[in-house]
Amino acid sequence: MVGLAQGRRVAIVHRYYPWESENLDELEELCRTAGYEVVYRLAQRRFPHPLYNIGPSKLGELKEAVRRLGISKVIFENELKPVQEYNLAKELNVEVITRVRLILEIFALHATSLEANLQIKLAALKYELPRAKEKVRLAKQGEQPGFHGLGAYEADVYYEEVKRQIQTLTRKLEEIKRRKAWETRARRSTGIPTVSLAGYTNAGKSTLFTRLTGSPAVISDAMFTTLSTKRRTTRVNGRPVNLSDTVGFIRNVPTLLISAFMSTLMEIAESDMVLLVVDASDPVDEVRNKFEVSYSTLHQIGAGHLPTVVALNKIDLVSGEHLRRVLEEVDFRGLRVVPISAQRGDGIPELLDAIEENLPRLMRLESRLSYGDGLSSLIEELHSKGRVEVLEYFEDSVRVVAEAPPELAEKVRSVSLTGSFRLIEQVQHTRSPG
Ligand SMILES: Nc1nc2c(ncn2[C@@H]2O[C@H](COP(=O)(O)OP(=O)(O)O)[C@@H](O)[C@H]2O)c(=O)[nH]1
Ligand SMILES: [Mg+2]
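Everything numeric here is computed off the predicted structure, so don't read it as measured data.

(A) Focus on the overall build of the protein chain. Within the protein chain, the regular secondary structure consists of 13 helices and 14 strands. Taking all 434 residues of the protein chain together, 50% fall into the buried category. In the protein chain, once contacts between residues fewer than 6 apart in sequence are set aside, the share between residues at least 24 apart is 72%. For the protein chain, the accessible surface area stands at approximately 21200 Å², while carbon and sulfur atoms represent 52% of it.

(B) Structural detail: the environment of Glu 22. With respect to the helices, strands and loops of the structure, Glu 22 is situated in the loop between strand E1 (9-16) and helix H1 (24-33). Sequence separation between Glu 22 and Arg 45 is 23 residues, and the spatial gap between their C-alpha atoms is 8.2 Å. Sequence-distant contacts of Glu 22, defined by excluding residues within four places in its chain, comprise His 14, Tyr 16, Arg 41 and Ala 43. A polar contact is formed between the side chain of Glu 22 and the backbone nitrogen of Leu 24, at a distance of 2.9 Å.

(C) Quick peek at the pattern of salt bridges. Scanning the entire structure with this criterion turns up 36 salt bridges. Residues Glu 37 and Arg 9 are paired through a salt bridge, measuring 3.8 Å at the closest nitrogen-oxygen approach. Pair noted here: Glu 37 is in strand E2 (residues 37-45) and Arg 9 is in strand E1, with a separation of 28 residues, a long-range link. On the basis of relative accessibility, which here comes to 28%, the residue Glu 37 falls in the partly exposed class.

(D) Representation of the site of ligand 1 in the model. The environment of ligand 1 is made up of 17 residues, and the closest members are Asn 202, Lys 205, Ser 206, Thr 207 and Asp 316. Ala 203 is positioned such that a nitrogen or oxygen atom in its backbone is 3.3 Å from an oxygen atom of ligand 1. Backbone polar atom of Ala 342 to an oxygen atom of ligand 1: 3.0 Å apart, as the coordinates give it. When isolated, ligand 1 has an accessible area of 570 Å², and the protein chains bury 82% of it. Those elements giving two or more residues to the shell around ligand 1 turn out to be H1 and helix H7 (205-213). It is H7 that contributes the most residues to the shell around ligand 1, 3 residues altogether.

Conventions and cut-offs
- Residues numbered from 1 in each chain as written.
- Chains lettered and ligands numbered in written order.
- Predicted model: local features only at pLDDT ≥ 70, side-chain atom pairs only at ≥ 80, totals over all residues.
- Heavy atoms only, no water.
- Helix = DSSP H or I, 4+ residues; strand = E, 2+ residues; numbered from the N terminus.
- Buried < 20%, exposed > 50% of the residue type's maximum accessible area, 1.4 Å probe, protein only.
- Contact = heavy atoms within 4.5 Å.
- Areas by Shrake-Rupley, 256 points an atom, 1.4 Å probe, with all protein chains shown as cover.
- Polar contact = N/O pair within 3.5 Å; in protein donor to acceptor, adjacent residues only side chain to side chain.
- Salt bridge = Lys/Arg side-chain N within 4 Å of Asp/Glu carboxyl O.
- Near = heavy atom within 4 Å.

Now the structure itself:
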């Protein structure tokens, strides 16, 4: 348990109808994405029990596991009635949530824009509204005195408050949408290109993020998992890049969460290029299917025009024959595909080259700058946003050979000594069509 923050050990439960099938594997993937460690799994095929959803004997087993394994949260795949949620929490003595809340937690971990954050809050409130209503009903009937600690009056106030907040948020979001229509993107002005990691849950995005940024996998309490674990500045063959571990594509997102999901995903469209991570260890048909859905989703969110590199991950798990079939039988739409193992490090140099080739162009500059105000900060900027090859100090001037984003190169040109400045567009490696 060392390294894992306390309070992240969870049990997952799926109570399903006779005509459904058990879905705990996917729920476990989502739990891991949210930073939880699943230490107990319970599946039961039966009609919902009115009080607990699962049957009383299974509840007994769960209760025992929660106590024995130090579980701090129980996560249900299926929806629960408010009264069931209450009864379960009371019996188990730990928090009980459902898949919808879990997915909302994942969104919240990745959302960076104001709009995405408001959409997530709105979805959470809309999810809460019918529950608040039920609390009012129960409290009024006196069926559950002190339900969630609320009397009839408090329950009423609570319900009205949730409703009011929904209205306020909806108004705010409309305003943001109106403003966005004429606001220009401020993000680009830093001069450091952003690369977004996209792909399905479990494809290996976070593992690759860690591999490329060198930061340790941080698993901590959701409240302390700050943005810096999802966004980090790193160097790609010497060139600074902001790498972003995005929310990724999640299967079967509940309808209520679609808007929040889309606006969290939109972050990808704001970046300069996409690194699409695909799990090569799936059966060929599934690799094809996931790639195609990923590809069309990227187009849907307005990221279809961005340069995209496919990182075909987990090649350490597959045979040469399987990899050959994936490469031959899946139509990757002309995108550059680089087989890698994020875990073992295979193919990473090739991947870095592919990323570099798809980044926005740099200008190559050879310049002489005189000593004076702003020289050191300009050189610092060249170091942080570009790649400095030569820096020679002479008595009267400094000779600089570097590659830099066009805006920065322009800035250097404007203060260069006349006659000693050359600006050449960087020769790019040829990019694969698509
Ligand atoms: N064998 C193998 N496992 C990997 C590789 N990359 C990731 N994984 C595993 O796949 C699972 C999902 O990885 P993760 O990075 O969390 O995926 P994400 O949901 O896309 O962020 C984890 O158990 C990783 O250890 C790889 O290259 N090889
Ligand atoms: Mg992840």
